[in-house]
Amino acid sequence: MVAHNLGYPRIGSHRELKKASEQYWAGKISHDQLLEAGRHIRRANWLTQQQAGIQLIPCNDFSFYDQTLDWSLTVDAIPARFRPLVEKPGANELDLYFAMARGYQQNGLDLIAMEMTKWFDTNYHYIVPEFTQNQTFSLRSDKIFREFVEAKTVLGTVPKPVLPGPVTYLLLGKEKEGGFHRLDLLDRLLPVYEQILSRLQEQGAEWIQLDEPCLVLNSDERQQLAYRTAYRFLRERFPNLKLLVASYFECFGENLNLATQLPVDALHIDLVRCPSQLDDILQTDFVTKKTALSLGLVDGRNIWINDLNRSLGFIQKATAALGKDRVLIAPSCSLLHTPCDLNSETDASGLTPEIKQWLVFAKQKLGEVVKLATMAEQPESEQTQQWLRENEALLAARRQSQLINRPAVQERVRKVTDQDINRTSAFPERQSIQHQRLNLPLFPTTTIGSFPQTEEVRVNRAKFKKGEKTIEHYEDFIRQETEKAIRWQEEIGLDVLVHGEFERNDMVEYFGELLDGFAFSQNGWVQSYGSRCVKPPIIYGDVYRPEAMTVRWTEFAQSLTDKPVKGMLTGPVTILQWSFVRDDQPRRDTCLQIAFAIRDEVVDLEKAGIRIIQIDEPAIREGLPLRRENWVNYLDWAVRAFRVSASGVGDETQIHTHMCYSEFNDIIQPIADLDADVITIETSRSQMELLDAFVQFNYPNEIGPGVYDIHSPRVPTTDEIMALLKKAADVLPVRNLWVNPDCGLKTRRWPETEQALKNMVQAAQTARKLVAETV
Ligand code: GLN
Ligand code: ZN
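Just so it is clear, the structure is predicted and the values come from calculations on it, not from any experiment.

## Some thoughts on helix α9 (residues 221-237)
With 17 residues, α9 extends 24 Å between its outermost C-alpha atoms, agreeing within 8% with the 24 Å of an ideal straight helix rising 1.5 Å per residue. Residues Gln-223, Gln-224, Ala-226, Tyr-227, Ala-230, Tyr-231, Phe-233, Leu-234 and Arg-235 constitute the buried set of α9. Elements that come into contact with the buried residues of α9 comprise α7 (166-172), α8 (186-203), β10 (207-211), β11 (242-246) and α10 (256-261).

Here it is as structure tokens:
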């Protein structure tokens, strides 16, 4: 039985790629040195897979930034604005590539980067292809051929090139002008695929993996036709290449028959995300065909050890129906979304030995895949029995561990009542009570929470974490920064102040470290985009708040001023979404446990005299399931969790929430159902377009549409901010409006922050005058 892999993390087990790329961008290493760093990582990855016993090893899964961007270069879909770089004499391809990813401001050119967006429901971001009506494609980059030869040389066997399937590649892109649909371009794209596959065939390729994850999305007839056309075309041209179409992340839904009928040699399915898929497929006429089935059994999105017995059950079912020769064993998707190697976790201050034995990272997952293939060959062997016993013992130990189980927490979640999810009074009553108590002007001004995390702040935290600075010194420093921030906010006349979040490095990690049930790896990095990596917390057990987490800092900040200081918390859905979540209970239960912990914090803040509390939920939208039919269920528990966290306070306490990078149109009802007294959202980049959803819906509660883009150092003028405010005031009741930036300011520097906020306050003051004059 063939064990294969769909893709391996490319950042390197010690983030070598991040370090090399950033040094290259800073001009500290040469082009050749960067290429060498890439070669080094690829070689190590291939050998790791070979040593683990993987038979079919992927190539072209490496990327210096993003595999979708690689493909845009391969098929020459380079947006016109980058032509000056293409034509520049002596220009190197890598600089063009990075310019497309990151923008280019040199030699009198100012080229805006291509858009970046989330890869399905992961935290990985890809570079969105841009298409025009007259788009042409041609074979431009030879990366895939070079890496094929390179892999073949390193491995001494034939690797499996991985490429985006033609339909998914087009669907992931965007039409940059009207008058056409991107799938209209398929006929122009397919000949380039033909060229690419011919050349790979000449080079000796046998298997080709075409990633078509869009196959799991809701699709219409146009899309379905595109898949049929594409694979009929490739099949006719390449009767002798083995084509493997890879789907992942969800069930096929309405595409089931389409997928099972594709004229290809193998179909990969994700049995972690969609365990029912196997039965569904075995009920179609797939059984009567020759196509092989690649079973995605080892979770490529999470880090828990595999339930080998359960996986073996899937394999046996598949082989009984299809025969051994038609079954392949694999991870559920590319291992890109998992950290590299659990063996780099050597420090028990991170993962304790007990927790560590429940975990597998990418390298260990290869071992699981191979083990499963071996076990399936010899189900009765002593070795198989032993592996099963060991695995069952670990799973049982995990189930029963003291570390995981907190009966009181489980009980609380089970007994959640309507009272837990409702504020005492409805919004209109709360609003008048809060207005009386807070006595804020019209167009109250505030910020979203964080202030610039300067070099000094980061250095101080790093020193403290390394033990080079005592907690007293560190906290003194944070107190000073907070005090400066409060004084400064008073001085420029902001109405609702924040403490600045100087004590936090990350809005999820900070809370994870203070909550029980979370663990942190030392080296568990996962690529987020380009050179940027994140180290998600690991939620392994029932979540519990041993003591107050933010009260001390918030109370301190409030003690410095008479103006209200906003308490600042991260919401349960966002904490869940940005962590590796335990797989032994439904996500909704874990989310509710977090919600209760946050609720206790909210109540404690209220007790400490904090009048306004913000619960950030920037990730609520990205948690949406990939298939629409699952939205209702998710939104139901997500909204419930938020309401649990927010509903423990009296009417007089004002609850804010904040969301960014979201389209709100299709989830406006659930957003209203959060029933936050105030929501602040990102709107400035779209020139308030995102506000339309709220206007059309007659959104009843208060709202702060962001009036300036914090992603850019550019300082908006008072007039610009006024214009945006006016747009908002034209369509929403003035008494509901707040004035604030799009998001937190931690990535900005102080000079631009100071000027921008001054302009913002001035715009609000002008707006107040205008309203006063018209009354
Ligand atoms: N309160 C957080 C901050 O200001 C919110 C961050 C976010 O929305 N991503 O940094
Ligand atoms: Zn934000």
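Text resumes after the structure shown.
## Remarks on the coordination of the zinc ion (ligand 2)
Within the protein, His-658 (NE2), Cys-660 (SG) and Cys-743 (SG) serve as the donor atoms for the zinc ion (ligand 2), at 2.0 to 2.3 Å. Around the zinc ion (ligand 2) sit four donor atoms, and with donor-metal-donor angles ranging over 92 to 121 degrees the site reads as tetrahedral. Within one chain, the residues donating to the zinc ion (ligand 2) are spaced in sequence as H-x1-C-x82-C. Both residues of the pair, His-658 and Cys-660, belong to the buried class.

## A word on helix α19 (residues 471-492)
Between its terminal C-alpha atoms α19 stretches 32 Å, which fits the 32 Å expected from 22 residues at 1.5 Å a residue. Listed in full, the buried residues belonging to α19 are Tyr-474, Glu-475, Phe-477, Ile-478, Glu-481, Thr-482, Ala-485, Ile-486, Trp-488, Gln-489 and Ile-492. Buried-residue contacts for α19 involve α18 (455-465), α21 (551-559) and α28 (750-774). Just past α19, the residue Gly-493 takes up positive phi, approximately 90 degrees.

## Topic: the site of ligand 1
Taken together, Ile-448, Gly-449, Ser-450, Glu-501, Met-507, Met-568, Asp-616, Pro-618, His-658, Cys-660, Cys-743 and Gly-744 make up all the residues around ligand 1. Note that a nitrogen atom of ligand 1 is positioned 3.1 Å from one of the backbone N or O atoms of Ile-448. One of the side-chain nitrogen or oxygen atoms of Asp-616 is found 2.7 Å away from a nitrogen atom of ligand 1. With the chains in place, 91% of the 300 Å² that ligand 1 exposes on its own is no longer accessible. Residue composition of the shell around ligand 1, by class: six nonpolar, four polar and two charged.

## Here's the deal with the nonpolar core
With 105 residues, the main nonpolar core has Phe-451 and Phe-694 as its most contacted residues. Per-element accounting of this core gives the leading share, ten residues, to helix α24 (residues 631-646). Once you skip the residues sitting within four places of it in the chain, Phe-451 turns out to touch Ala-485, Trp-488, Gln-489, Val-498, Gly-500, Phe-502, Leu-745, Lys-746, Trp-750, Thr-753 and Leu-757. Ranked by size, the runner-up nonpolar core spans 104 residues in total, among them Ala-77, Ile-208, Leu-278 and Ala-318.

## Quick word on the environment of Ile-471
Position of Ile-471 relative to the elements: it lies in helix α19. Put simply, Ile-471 and Arg-461 are ten residues apart on the chain and 9.9 Å apart in space, counted from C-alpha to C-alpha.

## Here's the deal with the packing of aromatic side chains
Taken as a whole and assessed by the stated rule, the structure comprises 21 aromatic pairs. Relative to Trp-750, the ring of Trp-488 has its centre 5.5 Å away and its plane inclined at 75 degrees; by these criteria the two rings are edge-to-face. Residue Trp-488 is found in helix α19, and its partner Trp-750 is found in helix α28; the two are separated by 262 residues along the sequence. When the centroid spacing of 5.5 Å and the interplanar angle of 90 degrees are considered together, the rings of Tyr-510 and Phe-511 count as edge-to-face.

## Topic: the sheet that holds strand β15 (residues 516-519)
Each strand in a sheet pairs with another by means of backbone hydrogen bonds, the pair being arranged parallel or else antiparallel. Pairing within the open sheet is mixed, and its three strands lie in the order β15-β18-β20. With one partner strand each, in any of the chains shown, β15 and β20 (580-581) form the two edges of the open sheet. Of the pairings in the sheet, the one linking strand β18 (residues 538-544) to β20 comprises two bridges and is parallel in character. Each residue of the ladder has a partner; that of Ile-539, found in β20, is Val-581.

## Here's the deal with the side chain of Asp-299
Here Asp-299 lies in the loop between β13 (292-298) and α12 (308-322). Although Asp-299 is buried, it makes no salt bridge; Lys-365 carries the closest opposite charge, 5.6 Å away. At a separation of 3.4 Å, a polar atom in the side chain of Asp-299 contacts the main-chain amide nitrogen of Asn-302. What Asp-299 contacts, discounting residues up to four positions off in sequence, is Val-272, Ser-332, Thr-338 and Lys-365.

## What about the pairing of strand β14 (residues 327-331)?
For β14, a buried count of five out of five residues is recorded, marking the element as mostly surrounded by other parts of the structure. Sheet analysis places strand β1 (residues 2-3) next to β14, joined by two bridges and oriented parallel. Paired with Ala-3 across the two strands is Ile-329, which belongs to β14. The pairing of β13 with β14 spans five bridges and is parallel. Pairing of Val-298 across the sheet is with Pro-331, part of β14.

## Digging into the state of the cysteines
Summed over all chains, the structure comprises one disulfide. The disulfide partner of Cys-251 is Cys-274, and the gap between their sulfur atoms is 2.0 Å. Disulfide Cys-251 to Cys-274: torsion about the S-S bond roughly 100 degrees, handedness right-handed. Placement of the pair is Cys-251 in the loop between β11 and α10 and Cys-274 in the loop between β12 (266-270) and α11 (277-282), with a sequence separation of 23 residues.

## Considering the pattern of salt bridges
Evaluation of the coordinates by the stated rule reveals 56 salt bridges. As a salt-bridge pair, Asp-341 and Lys-363 come within 3.9 Å of each other at their nearest N and O atoms. Residue Asp-341 is found in the loop between β14 and α13 (353-356), and its partner Lys-363 is found in helix α14 (residues 362-377); the two are separated by 22 residues along the sequence. Taking relative accessible area as the criterion, Lys-363 reaches 37% and is therefore assigned partly exposed. In this structure, the salt-bridge partner of Lys-726 is Asp-730, at a minimum N-O distance of 3.2 Å. A residue pair is termed a helical-turn pair when its members lie 3 or 4 positions apart in one helix, as Lys-726 and Asp-730 do in helix α27 (residues 718-731) at four residues.

Conventions adopted
- Residues numbered from 1 in each chain as written.
- Chains lettered and ligands numbered in written order.
- Predicted model: local features only at pLDDT ≥ 70, side-chain atom pairs only at ≥ 80, totals over all residues.
- Heavy atoms only, no water.
- Helix = DSSP H or I, 4+ residues; strand = E, 2+ residues; numbered from the N terminus.
- Expected span 1.5 Å × (residues − 1).
- Buried < 20%, exposed > 50% of the residue type's maximum accessible area, 1.4 Å probe, protein only.
- Contact = heavy atoms within 4.5 Å.
- Donors = N, O, S within 2.8 Å, 3.2 Å for Na, K, Ca; no water.
- Tetrahedral: all angles 85-135°; square planar, octahedral: opposite > 155°, others 65-115°.
- Near = heavy atom within 4 Å.
- Polar contact = N/O pair within 3.5 Å; in protein donor to acceptor, adjacent residues only side chain to side chain.
- Areas by Shrake-Rupley, 256 points an atom, 1.4 Å probe, with all protein chains shown as cover.
- Nonpolar A, V, L, I, M, F, W, Y, C, P; charged D, E, K, R; others polar.
- Core = buried A, V, L, I, M, F, W, Y, C linked by side-chain atoms within 4.5 Å.
- Phe/Tyr/Trp six-rings, centres within 6.5 Å; stacked < 30°, edge-to-face > 60°.
- Pairing = 2+ DSSP bridges.
- Lys, Arg positive; Asp, Glu negative; His and termini not counted.
- Salt bridge = Lys/Arg side-chain N within 4 Å of Asp/Glu carboxyl O.
- Disulfide = S-S within 2.5 Å.

So far we have only geometry, and geometry alone does not tell us how the molecule works.
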